[in-house]
Amino acid sequence: MGTYITVKIADSDKPLPARKAAAQKAFAEIERIEDLLSSFKEDSVISKINNSGTEEIFLDEEVFNILSRAKYFSEASSGAFDMTVMPLLELWGFHSKKYRVPAAEEIEAALKKVGSDKIVLDSRRRSIRFLAPGMKIDLGGIAKGYASDRAIGVLRNCGIHNALAACAGDIRVMGRKSAKEKWSIGIQDSRKRGMITDQLKLEDSSVSTSGSYERFFEAGGKRYSHIIDPRTGWPVDNDLLSVTIIAQDSVTSDTLATAVFVLGRAKGLELLEKFPSVQARVVSK
Ligand code: FAD
Ligand code: MG
């Protein structure tokens, strides 16, 4: 997934080989999810959907459910989070890493292919269909959260009670680090790499951070973030540096961190009123 992944198991009563076997199963599950959901792999189901034009594609239950959750968060965030940003990611060179600032007309043309309202997810037929030709999806804003959730699910099935799964900034914890201590998650300083500004103490929850300080490119003295505002077609440039969300599960924290980052401080915090159990920490510029 283009990043580092950590799995930690804290159950000290389990023998080391059992803990190692469980960790290996969690990593295998994350690899399975990458193969399934990557828009970088030609044989993934996402690539199949992206090459479908406007033809109906039938899906298995797992993929249908993830796409439904992605669409739900698009609707909840009024399009701030939107998996259909792929044509814009390609236009700005975020996918190929051949970055460039496109012309206004190009952005306008790409925006015609963006919007989850132009996706038909038919739950009876368990299928997806794009309503506009050239539409493509990218799950970069949700699949790492899903992978962290699934890794913890696999560990639980192995009889583990206390563990952490971190797909870069999407971290799910189960149980505690020890009888005395909760899991401690350091939040990186958005301005100073490697510095920690906050320590969160968590059990049985998930934390995700989105920001412009990790993945971006620079052109003409300006910084362009990999998170794109699907409403304007431009990389996000608002009053925020980063957003950290704490939620029950990682899909929720992953998508909401991206959505709030796109919306900016005022609208972002307004969105979170729809999610009373969610906590947020926003760093403004
Ligand atoms: P988040 O804020 O969680 O998400 C931002 C990412 O979501 C963007 O990078 C983009 O992909 C997408 N996005 C942008 N704007 C929006 C928006 N408004 N709404 C919804 N989504 C948006 N990277 C590689 O370099 N090579 C790879 O082969 C590769 N494979 C990957 C496979 C998978 C399954 C996944 C999940 C990621 C992969 N990545 C790969 C990384 C990916 O391209 C993103 O850079 C990464 O997911 C960003 O995560 P984040 O937590 O930093 O940002
Ligand atoms: Mg995210």
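These lines cover the structure that appears in this document, whether it is placed above or below. The shown structure was predicted, so the numbers you read here are calculated from the model rather than taken from an experiment.

Here we take up the site of ligand 1. The environment of ligand 1 is made up of 25 residues, and the closest members are Lys97, Asp138, Lys144, Ser210 and His226. Residue lysine 97 places a side-chain N or O atom 2.5 Å away from an oxygen atom belonging to ligand 1. Between ligand 1 and the protein, one listed contact pairs an oxygen atom with a side-chain N or O atom of aspartate 138 at 2.6 Å. When isolated, ligand 1 has an accessible area of 930 Å², and the protein chains bury 89% of it. For the shell around ligand 1, the secondary-structure elements that each account for two or more residues are helix 6 (143–157) and helix 7 (250–263).

Bringing the sheet that holds strand 2 (residues 57–58) into the picture now. Spatial strand order, 2-4-3: 3 strands in an open sheet with antiparallel pairing. Lying at the two open borders of the sheet, with one neighbouring strand each, are strand 2 and strand 3 (119–122). Relative to strand 4 (residues 127–130), strand 2 is paired through 2 bridges, and the arrangement is antiparallel. Pairing of phenylalanine 58 across the sheet is with serine 127, part of strand 4. Contacts from helix 3 (residues 61–76) reach strand 3 and strand 4, with the element oriented near 130° to strand 3.

It is worth spelling out the coordination of the magnesium ion (ligand 2) at this point. At the metal site, the magnesium ion (ligand 2) is ligated by Asp254 (O), Asp254 (OD) and Thr258 (OG1), and these contacts range over 2.1 to 2.7 Å. With aspartate 254 and threonine 258 both in helix 7, this residue pair falls 4 residues apart, about one helical turn. A residue is classified by how much of its surface remains accessible, and aspartate 254, at 4% relative accessible area, is buried.

Moving on, we come to the pattern of salt bridges. For the structure shown, the criterion picks out 19 salt bridges. Across the salt bridge formed by aspartate 249 and arginine 69, the nearest N and O atoms sit 3.2 Å from each other. Separated by 180 residues along the polypeptide, aspartate 249 in the loop between strand 12 (240–247) and helix 7 and arginine 69 in helix 3 bring together distant segments of the chain. Aspartate 237 is paired through a salt bridge with lysine 222; the nearest N and O atoms lie 3.1 Å apart.

What follows is about the layout of surface pockets. Within this model, the second largest pocket holds a volume of roughly 210 Å³. Lining the second largest pocket are 15 residues, with Ser212, Arg223, Asp237, Leu241 and Lys285 positioned closest to its centre. Elements supplying a minimum of two residues to the lining of the second largest pocket: strand 11 (222–225) and strand 12. Ranked by residue count, the leading element in the lining of the second largest pocket is strand 11, at 4 residues.

Conventions we followed
- Residues numbered from 1 in each chain as written.
- Chains lettered and ligands numbered in written order.
- Predicted model: local features only at pLDDT ≥ 70, side-chain atom pairs only at ≥ 80, totals over all residues.
- Heavy atoms only, no water.
- Near = heavy atom within 4 Å.
- Polar contact = N/O pair within 3.5 Å; in protein donor to acceptor, adjacent residues only side chain to side chain.
- Areas by Shrake-Rupley, 256 points an atom, 1.4 Å probe, with all protein chains shown as cover.
- Helix = DSSP H or I, 4+ residues; strand = E, 2+ residues; numbered from the N terminus.
- Pairing = 2+ DSSP bridges.
- Contact = heavy atoms within 4.5 Å.
- Axes fitted to C-alpha atoms, helices over the stretch in contact; angles between N-to-C directions.
- Donors = N, O, S within 2.8 Å, 3.2 Å for Na, K, Ca; no water.
- Buried < 20%, exposed > 50% of the residue type's maximum accessible area, 1.4 Å probe, protein only.
- Salt bridge = Lys/Arg side-chain N within 4 Å of Asp/Glu carboxyl O.
- 1 Å grid on protein atoms, 1.4 Å probe; cavity = no way out; pocket = protein on both sides within 12 Å on 5 of 7 lines; lining within 4 Å.
- Points joined across faces, edges and corners; volume = space filled by probe spheres on them.

In short, the description is geometric, and any link to function would need to be established separately.
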